[in-house]
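Listed here are the chains, written in short residue letters.
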Amino acid sequence: MYADTGLATALRAGALTADAVALEARKAAQTEDEPAPATSSALATGQPSATVTFLHEWKLNHLPPDTRPLPSVTPYDQLLRRRASGGDHREGEAQ
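Residues numbered from 1 in each chain as written. Predicted model: local features only at pLDDT ≥ 70, side-chain atom pairs only at ≥ 80, totals over all residues. Heavy atoms only, no water.

Caption draft 1: Here's a closer look at the overall build of the protein chain. Tallying secondary structure elements over the protein chain gives five helices and zero strands in all. For the protein chain, the proportion of its 95 residues judged to be buried stands at 13%. Considering only intrachain contacts with a sequence separation of at least 6, the fraction spanning at least 24 residues in the protein chain is 57%. Just so you have it, the protein chain exposes about 8100 Å², and 57% of that area is on carbon and sulfur atoms. (Helix = DSSP H or I, 4+ residues; strand = E, 2+ residues; numbered from the N terminus. Buried < 20%, exposed > 50% of the residue type's maximum accessible area, 1.4 Å probe, protein only. Contact = heavy atoms within 4.5 Å. Areas by Shrake-Rupley, 256 points an atom, 1.4 Å probe, with all protein chains shown as cover.)

Caption draft 2: Layout of the pattern of salt bridges. In this structure the tally under the stated criterion is two salt bridges. A salt bridge links Glu24 to Lys27; the shortest N-O distance between them is 3.2 Å. Separated by three residues within a single helix, Glu24 and Lys27 lie in helix α2 (residues 18-30), roughly one turn from each other. (Salt bridge = Lys/Arg side-chain N within 4 Å of Asp/Glu carboxyl O.)

Caption draft 3: Layout of the side chain of Glu24. When its relative accessible area of 5% is taken as the criterion, Glu24 is described as buried. Glu24 has contacts with Gly6, Thr9, Ala10, Thr51, Val52 and Thr53, leaving out every residue within four places of it along the chain.

Caption draft 4: Spatial organisation of a nonpolar patch on the surface. Nonpolar side chains collect at one region of the surface, where Leu7, Leu11 and Leu16 lie side by side and expose about 320 Å² of accessible area between them. Among the structural elements, Leu11 can be located in helix α1 (residues 2-13). (Patch = residues over 30% accessible without salt bridge, like charges linked within 9 Å, V, L, I, M, F, W, Y side chains within 5 Å.)

Caption draft 5: Seen up close, the packing of α1 against α2. Their axes nearest at 7 Å, the elements α1 and α2 cross at an angle of 120°. By the angle between their axes, α1 is oblique relative to α2. Crossing of α1 against α2: the hand is right-handed. Contacts from Tyr2, Ala3, Thr5, Gly6, Leu7, Thr9 and Ala10 in α1 reach Ala20, Val21, Glu24, Ala25, Ala28 and Ala29 in α2. Its residues assigned to classes, the contact of α1 with α2 shows nine nonpolar, three polar and one charged. (Axes fitted to C-alpha atoms, helices over the stretch in contact; angles between N-to-C directions. Parallel < 35°, antiparallel > 145°, perpendicular 65-115°, else oblique. Left-handed = near helix turned anticlockwise from the far one by under 90°. Nonpolar A, V, L, I, M, F, W, Y, C, P; charged D, E, K, R; others polar.)

Right, here's the structure in full:
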């Protein structure tokens, strides 16, 4: 029952992904007991009656902040400088 509601809502909004259908089905299941007050007025104005939130967007908005430091490329820069200056290159070895 909720899958049908989720599919119909996602199609009306133009979201053609499984994530959108799953999210809309969950929203329909959660609001089963609540009345939908904006349904008739939204249909009368020609506006879609529901908004679709994509699951990956929802997940990104609910992630904790990333406090890790940015990675450093300093060791790689040192290797490149050593290679460019001729260090560690022995005669007769392939580069």
